[in-house]
Every structure is written in structure tokens, then in C-alpha cells.
Amino acid sequence: MASPGASSGRSTDRFTTLKGPSSTVETACPLDCPDACSLAVTVHHGRVVKIDGSFKNPVTEGFICAKVRKFGDRVYGPDRLLYPGIRKGRKGEGRFKRATWDEALELIVARFLAAKDKAGSASILPFSYGGSNGLLTQDNLDAQLWRRFGASRLARTVCAAPTSTANQALYGKMPSVTYEDYIHAKLIVLWGVNPSASGIHLVPYVREAQKRGAKLIVIDPRSTPLARSADLHLPVRPGTDVAIALALHRYLFDNGHVDARFIGEHTRGADRLRERAEPWTIARAAETAGIAADTLEQCAELYARSSPALIRCGWGLERNRNGGNAAMAVMALPAIGGKFGVRGGGYSMSNSASWGIDRTWIGAEEPPTRLVNMNHLGRALTEYDDPPVNVLFVYNANPAVTVPDQRRIIRGLEREDLFTIVFEQVMTDTALYADVVLPATTFLEGYDFARAYGPINIELARPVIDAAGEARSNADVFGELCTRLGLLTEREPSGELDLLVRVLDSLPGVVGRDLRAGARPEPPFGTAPIQFVDVFPNTPDRKVDLFPADLESTAPLGLYRFQPDPATTQHPLTLISPASERTISSTLGELPRPDVKLLMHPVDAEARGLAQGDLVRVFNDLGEVQCTLAVAPSIRPGTVSLPKGLWRRSTRNGLTGTALVPDALTDLGAGACFNDARVQVASLATA
Ligand code: SF4
């Protein structure tokens, strides 16, 4: 494959002081992970030789994940994009001729203006997600460009939309229990989350709590590492978490475990919630979830009687048709059970809103243009016609492998009349379909702000090496596009350093001042607030809204309702695609990895005459993935699992788990229903 991957030899020589012989530089990780580690990066003669955790951030405590330890393999790997390229082969072949930045940007501007003339600005669709969570690389000058030009808007809902909707509606995204306070809990419930793979810094806090006598409950269809040491493991059928949570509510109400005083003072809507929980007996919920009723009853009793009791609401429970209601019911539990007001009690969800950052720096209002749900990218590219999507600009994202209904997306990317720009660090599966590829800097080559969403922490990420080849930062490139399109005045910031200063000046309170001084900023309530002591709901009346009227009318069956399993006799197995220890979403998926395996329970394997190591096809009406089979009891019967974030090279036929995922939307938040993929598995040899 001829791609713009060969070195241009260009160097800005910004880091001559670091080139010899060796320096260790402090920075931070802005990737899409809850932890936002502080990093110590060793640079030798201008080249990264080691990436490790630093001790600046007490949660990082000197260690980081194996993924980012290997980030140098991305920076210097054969897939790295080093200079702009213009397609010279067929779409998908990934053949590009090298271009200058000037040529590439001129072409993009010409295509933007032509698209606007032909079908209006909304025929341009920007597509981005969490390739970086940094405040400079996402929702900054990029948003300014799209808003001022009037492009279609993107609903970024592929992850966290249902949980975020629930957290906003119930609590106005009140800051939640941070990692440091887990050690004070007497009961920890890890619900739909596997910190051993994602957000690893939570693990030592959970282990320490266990050492101090805390009980641990894990609710997950797989036997994760923490599930194996848990006091109770509930291997629920994916999509049934709402039933389990409602049964816990009913148990609390029926057995006198509700905190009537708290409910009266701090909530509204508890009666409506109780009505909706009424049908969910322990027996019915256990049967629906495919677990033992006595295990569920033990779980209910343990939760009812423990204090401080803490629920970590993860993102695994949201990825199905009932995901929004599941998140509502789970996060409502501490309000009904009276678990707030004590250190180590309450709930944990994303803490990204804790800083009150409102991105005033975008400098433009959202236009009333078409809103495209990113989970419907395939439809948008192949069906939308008012106007059609004629230009697609992808950055911080790799939708060819991360978004539901992969085959339809690929059909869309193959359209000859679609002009696709991909601004990326490496030649992704999406970039192979680009008309223009633009090389982007990594977080080791530019400034950014790393904001954690597990702990409450924000740090400045700074460049530790020169940009590879001709790679440029998001700020520089979107600034230049704005300038070329006449969308910026001369006085407005248009490059990375200008933006850095503007964001520092715009951060609330003294956050910007502290970051400038190299200090660790804290919000007014500190970095480990107690819910309902230090922080309260950001709802209009500061109460927990247990039955928000607008969500009742939005959800297909209303609030706290259950939609049945979509399995069919042809496709009876549930496919899940949880985070793995190898990638951050799909970032780093280009690196070599051992053979990818579909995980299946022995009972399901035996029923199909399959054995460990068999080549299998996993299929439904949307597509087929071919890979090797792993048989183990670490997953519940009836459920199979493929890792999240696979690239097309990782399977035998070039399709990944997203090829099997319908583009249906969750009940609340219009999120992706990854775990509603229903499949059959058969031997590839037989086929
Ligand atoms: S991906 Fe997460 S655990 Fe790994 S270095 Fe970044 S913040 Fe830390």
C-alpha cells in the first residue's frame, strides 16, 4: 500500500533542548479514558524512548496502562501519516500521492465552497469523536469552523449518551464519588464496568477497600478480573440491567429500606418510580436477567443494609435498547436507599462536568442546521437526500470500525460522488477511503488539556517531541481552514498557542492560573466531594428528579420500562463488544496483536459442535465476522464477546463486530445499541 507514510524529514526544531542526550518531560494523557494520567516521558535525542506514569497526579501514582506505554509504536509506526496526500487509487485502496499542505487545504476549501453552492452548507458533515478528549483538539476551532460555515451538526452519541442523559436528568450531572473515596465504602457495586481494562487506576482503590473489609458486587455478563474476587457476581443477560435495578428499588420499598426523610427533602417523583418498579419482583427480574433469584436477593439485602454503599455506574449497561432507563434506575438507587451524605457513599459516573467548563471559546452559536446522529452515519451517507452528504470531514474518529452497521458505512464511503477528508495520526480503516488525508499530531507533539472523568483532575499536556513529518495540530489546521474560508477576523486566535492562551483565560475560577503555574487546580468543592454534603444536584430546585417528565415522553415505552430481547431463533446469541486491554476505543488498533478470538461459553460451543481454536463465522442479517473461537466459562451462556475497537485487519474477512450491530437507538439519549447485536455462530469449515 502506497500511503503518505514515508518520512519527509521535516522538523520544526522546537525541542533542540531535548535532543541530547536524554530528558524526562512531564505531560498528561488526554485520550478517551476516565483517568487522565500524569505522564513522565523520556526523550532521547528528540525521540520518545519511554512513556511512564508520573507522581504529579496522586491517582496516577507512577503507573499507567500498557496501551499508552506503547504509544511510541503509533508515533513511529509504519501506519503513521507524515504528510498530506490526495487519492490516486480506488476508494479503500489507500493509495495517495503526496501533496503540500497548501495544495490539500486549497482543494478542501474549493470542495467546501462547491458543495455549498450545489446543495447548501449542510451537505458537509463533520464527523468526530473521542480520539482525543483534550480541550484544544475537540470542540474548539473545529466547532467554530462548522458553526460559522453552517455544516450539518453531529449528535455525538456513540458512547455515554444514555448515561449522560440520565445523569443530567436525575442530578444535573452533580459531581460524583471519585476514586480516592472508594476506600471508605463498605459496599462497592461495579455495574457494567471493567476497570481492569479501562480506567485501571480504579482497581487499586477497589482492592484497598476490599482489604479494609468492603464487600464487592460485580454486575457484568463476563467474569471480569474483579468479578472473580467479588463477594457476589451477577452475570446478567445484556439489556436486562433495568429489570435488576427496578427489582432492587422494589426490594428497598417493600422491606422498609427507603430513606423517607431524604426522599421528602431531596427528591421528587419517588412515587412514580415506585409504581414502575412494582412489577419487578426479585423472581421476575432474576428470570429476565437469567440469574439465580437468591443471588439477586442477596445483592438487594447487601445493598439495603450497607453504608457507605457506592455504585459505580459503567457504560456497559447503556449499550442496548433499555440503556437509558437502566442508567436512570441504577443511578436512582442511592436516592431511594439513603446512601448519600457520607464519604464513600452514593454513585460514581462521569465527573467531566465538575469543572463547569462551558466552552465559551468556541465563539459562535450552533446554527439551526440538520442534526445527524452519528450512529446513523451509514444511513446519512447512503440515504439522506435533503441535502445529501456530499462532503465528509472525519477527525478524532475512525467510523469505519467504531460505529454500528459497518457494511452500510463502507458502502457510503465507497460513493464516488462523496468527497471525504480524513485528518488523522495514522492510516485508519476510514482514512483508506479518503480523497484527502491530512496528518495530525499526537498528544506527545502538541499542547492540550487532559480532563479526567473518573477522578476530578485537569492537567496541561505539553509537547515533548517535534511533530513527526508534516503533522499539524487540530488547532492549526482548523484555524487555517477558518482563515481560508474567511470565517475568522484577524484578531481572533487561529493557531495552537493562541488557542492555548484563550482556553487558559476562559477556564472557570483560578483553574487557568493554576495550570499556568504548574499547580494542580481544584474546584471549589475539592477533588473528593461528598454528595449531598459538599455538592448537590444541579437541577433547577437542587432536588433529584426521579421522574423527569420530558424523558417520560421521549422513551418509547416511558420511564423505567423494559423492552424485550430482540433475539430470534435464527440469531439467538447476544454479541457484546467490551473494552479490552489493547485499545482505547479503536486507538492503537493498528498495532500487531494476537489472533482475535470470539469468546463463547462451553455450553454454547458444545451445542454447536464447536471447540477451542475453531475458525468460526459470527453472523446475522447485517453481516459476518470470521475469526477464531475461544471457549471458556468466563462469559455467561447465550452471550458471546468480541473486543471493542478492532480494526479490519484483525479478523479473517475484514469485518469487525460493528458489522453485526444494528443502528437502532437507545430508549434515552439516542445512543448506540452495540449489545443488541443478535448473532449465530457456526464453524467456518462447515460453511
Ligand atoms: S489511557 Fe488512561 S490509563 Fe492509559 S495513560 Fe491514558 S489516562 Fe492513563
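The structure we're discussing is the one just above.
Analysis parameters
- Numbering of residues starts from 1 in every chain and runs along the sequence as written.
- Local features are withheld for residues below a pLDDT of 70 in this predicted model, meaning they are given only at 70 or higher, and side-chain atom pairs are given and counted only at 80 or more; totals for whole chains, interfaces and linings count all residues.
- By convention in this description, side-chain values take in all heavy atoms of the structure and omit both hydrogens and water.
- By the criteria applied, helices consist of DSSP H or I runs no shorter than four residues and strands consist of E runs no shorter than two, each listed in order from the N terminus.
- Partly exposed describes any residue whose relative accessible area lies between the buried limit of under 20% and the exposed limit of over 50%, with all areas from a 1.4 Å probe on protein chains only and scaled to the type maximum.
- Any pair of residues with heavy atoms lying within 4.5 Å of one another is described as a contacting pair.
- Residue exposure ignores everything except the shown protein chains as possible cover, and the areas themselves are Shrake-Rupley values with a 1.4 Å probe.
- Take a side-chain nitrogen of Lys or Arg and a carboxyl oxygen of Asp or Glu: if they are within 4 Å of each other, that pair is a salt bridge.
- Strands are treated as partners if at least two bridges between them are detected by DSSP.
- Inter-axis angles, ranging from 0 to 180 degrees, are taken between N-to-C directions of lines fitted to C-alpha atoms, where helices are fitted over the stretch in contact.
- Consider each residue's heavy atoms; a residue with any of them within 4 Å of a molecule or strand counts as near.
- Under the convention adopted here, Pro, Cys and the residues Ala, Val, Leu, Ile, Met, Phe, Trp and Tyr are nonpolar, Asp, Glu, Lys and Arg are charged, and Gly plus all remaining residues are polar.
- Counting of polar contacts relies on pairs of N or O atoms within 3.5 Å, with two restrictions inside protein: one atom must be capable of donating a hydrogen and the other of accepting it, and residues adjacent in sequence are counted only when both atoms are side-chain atoms.
- Looking down the strands as they point away from you, a crossover is right-handed if its path from the first strand over the helix to the second goes clockwise.
- Every definition here rests on a 1 Å grid over the protein atoms only: cavities are sets of points where a 1.4 Å probe fits but cannot get out, pockets are open sets enclosed by protein on both sides within 12 Å along at least five of seven lines, and lining residues have some atom within 4 Å of a point.
- Grid points are joined across faces, edges and corners, and a volume is the space filled by probe spheres set on the points.
- Between 65 and 115 degrees an angle is taken as roughly perpendicular, under 35 as roughly parallel, over 145 as roughly antiparallel, and anywhere else as oblique.
- Put simply, a crossing is left-handed when the front helix is turned counterclockwise from the back one by less than a right angle, and right-handed when it is turned clockwise.
- Remark: nonpolar core denotes a set of buried residues (Ala, Val, Leu, Ile, Met, Phe, Trp, Tyr, Cys) joined through side-chain atoms within 4.5 Å.
- Any Phe, Tyr or Trp ring, taking Trp's six-membered ring, that has another such ring centre within 6.5 Å forms a pair; planes under 30 degrees apart are called stacked, those over 60 apart edge-to-face, and the others tilted.
- Comment: the charge-over-ring label is applied if NZ (Lys) or CZ (Arg) is within 6 Å of the ring centre and within 35 degrees of the ring normal.

Caption draft 1: A look at the overall build of the protein chain. When its secondary structure is counted, the protein chain shows 21 helices and 26 strands. Judged by the C-alpha coordinates and their principal axes, the protein chain covers about 70 × 65 × 50 Å. Looking at the protein chain residue by residue over its 687 residues, the buried ones come to 63%. A separation of at least 24 residues holds for 76% of the contacts in the protein chain among residues at least 6 apart in sequence. Accessible surface, the protein chain as shown: approximately 24,200 Å² in total, 50% of it carbon and sulfur.

Caption draft 2: Quick peek at the pattern of salt bridges. Summed over the entire model, instances satisfying the criterion amount to 41 salt bridges. Close ionic contact of R74 with E590 constitutes a salt bridge, the shortest N to O distance being 2.9 Å. Highlighted residues: R74 in helix α2 (residues 71–75) and E590 in the loop between β21 (573–576) and β22 (597–600), separated in sequence by 516 residues. Exposure class is identical for R74 and E590. Each is buried.

Caption draft 3: Inspection of the sheet that holds strand β6 (residues 124–128) at higher detail. On the basis of which strands lie adjacent, the open sheet formed by six strands has the order β5-β4-β17-β16-β15-β6 and mixed pairing. Looking at the sheet topology across the chains shown, the edges are occupied by β5 (96–98) and β6. This sheet shows a mean twist of 20 degrees between the axes of neighbouring strands, independent of strand direction. Pairing between strand β16 (residues 419–424) and strand β17 (residues 436–439): four bridges, direction parallel.

Caption draft 4: Region of interest: the site of the ligand. Taken together, the neighbourhood of the ligand is formed by C29, C33, D35, A36, C37, I64, C65, V68, H201 and I584. Per-class residue counts for the shell around the ligand are eight nonpolar, one polar and one charged.

Caption draft 5: Geometry of the side chain of S580. Tracing the backbone shows S580 in the loop between β21 and β22. A polar side-chain atom of S580 sits 3.1 Å from the main-chain amide nitrogen of R582. With near-sequence residues (within four places) excluded, S580 lies in contact with K67, A197, R593 and P643.

Caption draft 6: Summary view of the pairing of strand β8 (residues 187–191). The buried fraction of β8 amounts to five of the five residues, a majority that puts the element mostly inside the structure. Because side chains alternate across β8, one face comprises the buried residues L187, V189 and W191, and the other comprises I188 and L190, equally buried. Alignment of β8 against strand β9 (residues 215–219), held across five bridges, turns out to be parallel. When the sheet's bridge partners are listed, L190 is paired in β9 with V218. Remark: the β8/helix α6 (residues 202–211)/β9 crossover connection has right-handed handedness. In terms of strand pairing, β8 meets strand β12 (residues 309–313) through five bridges, oriented parallel. Each residue of the ladder has a partner; that of V189, found in β12, is I311.

Caption draft 7: Local environment of the pairing of strand β3 (residues 47–53). Both strand β2 (residues 38–44) and β3 contribute to a ladder of six bridges, which runs antiparallel. For V43, the partnering residue across the bridge sits in β3 and is V48. Counted along the chain from β2 to the antiparallel partner β3, the turn is two residues long, and its residue H45 has a positive phi close to 50 degrees.

Caption draft 8: Fine view of the environment of I282. Of note, I282 is situated in helix α11 (residues 282–289). Counting along the chain gives 34 residues from I282 to L248, while the straight-line C-alpha distance between them is 7.7 Å. Excluding anything up to four places from it in sequence, I282 contacts A247, Y251, A293, L296, E297 and A300.

Caption draft 9: Looking closely at the layout of surface pockets. Roughly 550 Å³ of internal volume is contained in the second largest pocket. Taken together, 23 residues line the second largest pocket, and the ones lying closest to its centre are R222, S580, E581, L599 and P643. If you list the elements that add at least two residues to the lining of the second largest pocket, you get α7 (225–228) and β22.

Caption draft 10: Spotlight on the packing of helix α8 (residues 241–254) against helix α13 (residues 323–337). Direction vectors running N to C along α8 and α13 enclose 20 degrees, while the axes themselves pass 8 Å from each other. Taken together, the axes of α8 and α13 are roughly parallel relative to one another. Between α8 and α13 lies a crossing of left-handed hand. On α13, the residues touching D241, V242, A245, L246, L248, H249, L252 and F253 of α8 are N325, A326, A329, V330, A332, L333, I336 and G337.

Caption draft 11: Structural detail: the nonpolar core. Core analysis: the largest hydrophobic core is formed by 121 residues, its most contacted members being Y171, W191, L234, L296, Y560 and L598. Contacts of W191, omitting those with residues within four sequence positions, involve I219, D241, I244, A245, L248, I311, R312, C313, G314, L317, V330 and L333. A99, V109, W355 and A440 belong to the second-largest nonpolar core, a separate cluster that totals 50 residues.

Caption draft 12: Layout of the packing of aromatic side chains. Evaluated as defined, the whole model comprises 24 aromatic pairs. Aromatic side chains W101 and F423 sit 6.5 Å apart centroid to centroid with 85 degrees between the ring planes, which places their arrangement in the edge-to-face category. Remark: F423 occurs in strand β16 and W101 occurs in helix α3 (residues 101–119); sequence separation between them is 322 residues. The two residues W101 and F423 agree in class, both being buried. The structure contains a cluster of three or more aromatic residues connected by ring pairs, namely W101, F112, W146, F149, F393, Y395, F423 and F478. Lying across the ring of Y76, R47 places its NZ or CZ 3.8 Å from the centre. Positioned over the ring face of F149 is K116, at 5.2 Å from the centre of the ring.

Caption draft 13: Up close: empty space enclosed by the protein. This structure, assessed with the given rule, holds one cavity of 30 Å³ or more. In this structure, the largest cavity occupies an estimated 50 Å³ of space. If you go around the largest cavity, the residues you meet are K70, R582, T583, L588, L591, P592 and R593. Here the residues of the lining of the largest cavity are counted per class, giving three nonpolar, one polar and three charged.

Caption draft 14: View of unusual backbone geometry. In this structure, P308 follows S307 across a cis peptide bond, with omega equal to -5 degrees. Structurally, the position occupied by P308 is in the loop between α12 (293–305) and β12. Despite not being glycine, H45 shows a phi value in the positive range, around 50 degrees. Its identity is not glycine, yet A160 carries a phi of approximately 70 degrees, on the positive side. As for its position among the elements, A160 is in the loop between β7 (153–155) and α5 (161–171). Judged by relative accessible area, which is 22%, A160 ranks as partly exposed.

Caption draft 15: Geometry of the sheet that holds β12. With respect to topology, five strands assemble into an open sheet ordered β10-β9-β8-β12-β13, the strand pairing being parallel. Every other strand in the sheet has two partners, leaving β10 (232–234) and β13 (346–348) as the edge strands with one partner each. When the angles between neighbouring strand axes are averaged without regard to direction, this sheet yields 15 degrees.

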